[in-house]
Amino acid sequence: MTQVDLIIKNAHVFNVYLRKFQDVQVSIKDGKFYWINEHLPNLTTKQVIDLRGKYLIPGFIDAHMHIDSSMTTPKIMGNAILRYGTTTIVADDHEVTNVAGIEGLKDFISEDSPIDIFFGIPSSVPSTNNQMENTGGKIGIAEIKDLLDDPRFICLGEVMNFKDVTSKNDTLIKNIIRICRKQKPTMPIEGHTPAYHGEDLAKIIFNGVTTDHTQQTGKLVDEKIRNGMFVEIQLKSMHPDVINTIMNNNYYEHVALVTDDSMPDTLLKGHLNLLVRKAIKMGMTPENAIYISTYTPARHMGLWDRGAIAPGRVADFSIVDNLQELSISEVYKGGISEKNIIKNTSSTKFIPKSLINSIQAPKLSKKDLILKTNLVDNGIVTANIIQINEVGTFTNHIQRQLKVHNHIVDWQANDLALIMVQERYGLNKGKISLGLVDRGIIGDGAVGATWCHDHHNIMIMGTNIAGMINIQHQLLEQQGGYIVTKKDRIVANAPLPIGGVVSNEPLSTLGSQIGKIRKTLVELGYKNTNEIMSFSTLSLLVSPTLKISDKGLFEVKSQKKISLFELNKN
């Protein structure tokens, strides 16, 4: 007789290898699945669970996400998403790495979590180069070799710099990929390849990138898969064009659902389970939706010991009441109910020393935000403007003619918002760059944050100069955060004192704060499917088309610096 810890009876159990449910019994021993069969003779057990026709599915695996981009810590993240059925994540925490380098990364990932966390090596810190942006940390060859020796790091995090990846020169990122290939030949090389196709896509894959997770279309998904890429589908890519491409071509082996960046207020509602539920509602069978959220991400990341209900696999699973609605009643991690795991989790606040008091910048005044040009004394200039789209994080590069009086540009008369980025690491005496935004803040107010991808300098946008200054002063005082004003009065504030990007408050508190910021942005006329991420990626120099850093405006693909003003050609 074999002694096991738990036997589960009368369940419809999902077999990922057959991609269908079977009526079998499941036994668990030492935190792993032991024997799965119609009958389990000769087993004795301490506990039996009768599910009475409910469904049993493997724990969800999120193969591409960022804990720090959710503005929270590993423990708080784990406590939040375990109850939604996510039991394993692969986190690329390049936000804290941009702030404080490898020391900051190691401090940040030292916190225990109730879920299993593997990591991606941040490959692009900074996301571009020192000529385009200032960061507090950098990742080079020495840091890559250090992290390759840590078994928790199982992939190379998203490779962002298209120009350096495809360059004819022997660039840093090419050397990083080469070292990873030599030391860990089977390691996935995650990519950030937005909208690249044709020969540009071929160049990226040729140079070693195996995966993409960025904003997709059906045509892009088809081209990437046909060329050997594994495609990770995040929420903003879940529209009929993409989902139908996957279903019509039976591409399930080549895709996985991922969350990438989950906002704190969204985490109050769900995690990867929300994407699985959405896929089902969009016409994907529950079996296939579960398959690309459990087995394919596990296989892609080389996590052979999970992603399936099978002998020897970690006993991570969810009990589902209704398959179409994906209503999860209970989650088990390593054969233990999440209710017992979370109950025994300490609530002590996490304070990593290398990420505290990280903001070093002087206070600004209203005169610092007067927009001037030396091109003309009085007359007209052509402005290069960032235009926000209502869906996704891509922007447009537009031009508009603006009046100039005594060298001062009259941007307020053109339904534009002023945007400012200030260096915050004490590297350039807090130097600022200024730009203009179309379709941003329309009402009388401002928004600002130190959670600005990926350099995380201070970025503030608004129509009210006094409000912008008040935000800058408050960000310095509280050492980071995300703040919105109406007129000049601060009405929503989410302090982020850990590196200026992370809070150690309970998710209920942080989620409520971010929810209020989102609501206020909407009231100020900001239109996007994810207002929080949209604003913060106006500084992301690897996401098309025109973005801004502390060093100015840049055209993303060419990495060419763009002057804010040009002489009017008319």
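Up top is the structure.
Figured I'd write up the structure that's included with this text. (Residues numbered from 1 in each chain as written. Predicted model: local features only at pLDDT ≥ 70, side-chain atom pairs only at ≥ 80, totals over all residues. Heavy atoms only, no water.)

## Quick notes on the sheet that holds strand β28 (residues 552-555)
Phase 1 of the analysis: Strands sit in the order β27-β28-β29 across an open sheet of 3 strands; the sheet is antiparallel. Of all the strands in the sheet, the pair left with one neighbour each is β27 (546-549) and β29 (560-562). Here the average twist between neighbouring strands, direction ignored, is 40°.
Phase 2 of the analysis: Summarising the sheet, β28 and β29 pair through 3 bridges and their orientation is antiparallel. Within β29, the residue paired with Phe554 across the bridge is Lys561. (Pairing = 2+ DSSP bridges. Helix = DSSP H or I, 4+ residues; strand = E, 2+ residues; numbered from the N terminus. Axes fitted to C-alpha atoms, helices over the stretch in contact; angles between N-to-C directions.)

## Digging into the packing of aromatic side chains
Phase 1 of the analysis: Per the counting criterion, the structure on display carries 11 aromatic pairs.
Phase 2 of the analysis: Through pairs of rings, three or more aromatic residues link up here, namely Phe14, Phe21 and Tyr55. (Phe/Tyr/Trp six-rings, centres within 6.5 Å; stacked < 30°, edge-to-face > 60°.)

## Regarding helix α2 (residues 94-108)
Phase 1 of the analysis: Counted at 1.5 Å a residue, the expected span for α2 with its 15 residues is 21 Å, but the 11 Å between its end C-alpha atoms falls short.
Phase 2 of the analysis: Maximum bend of α2: about 135°, positioned at Ala100.
Phase 3 of the analysis: In terms of burial, α2 is a largely internal element, 12 of the 15 residues being buried.
Phase 4 of the analysis: All buried positions along α2 are accounted for by His94, Glu95, Val96, Thr97, Asn98, Val99, Ala100, Gly101, Ile102, Gly104, Leu105 and Phe108.
Phase 5 of the analysis: As for α2, its buried residues are in contact with α1 (74-82), α3 (141-148) and β10 (153-159). (Expected span 1.5 Å × (residues − 1). Bend = angle between axes of the 7 residues up to and from the residue. Buried < 20%, exposed > 50% of the residue type's maximum accessible area, 1.4 Å probe, protein only. Contact = heavy atoms within 4.5 Å.)

## With respect to the sheet that holds strand β16 (residues 327-333)
Phase 1 of the analysis: Pairing is mixed in the open sheet, where 7 strands are placed in the order β4-β3-β2-β6-β15-β16-β17. Each end of this open sheet is capped by a strand with a single partner; those strands are β4 (32-37) and β17 (336-337).
Phase 2 of the analysis: As paired elements, strand β15 (residues 317-322) and β16 share 5 bridges and run antiparallel to each other. Bridging across to β16, Val320 finds its partner in Ile328.

## Quick look at helix α10 (residues 272-281)
Phase 1 of the analysis: Looking only at α10, the buried set comprises Leu272, Asn273, Leu275, Val276, Ala279 and Ile280. Along the long axis of α10, the arc covered by the buried residues comes to 160°, so they all point the same way.
Phase 2 of the analysis: At the exit of α10 stands Gly283, carrying a positive phi of roughly 115°. (Arc of directions from axis to C-beta.)

## Considering the pairing of strand β22 (residues 432-438)
Phase 1 of the analysis: By the criterion of burial, β22 is predominantly enclosed, with 6 of the 7 residues buried.
Phase 2 of the analysis: Pairing geometry for strand β18 (residues 379-388) and β22, over 2 bridges, is parallel. In the sheet register, Ile386 faces β22, and the bridge partner there is Val437.
Phase 3 of the analysis: Pairing of strand β21 (residues 416-422) with β22, which is carried by 7 bridges, proceeds in the antiparallel orientation. If you follow Leu418 over to β22, its bridge partner there is Leu436.

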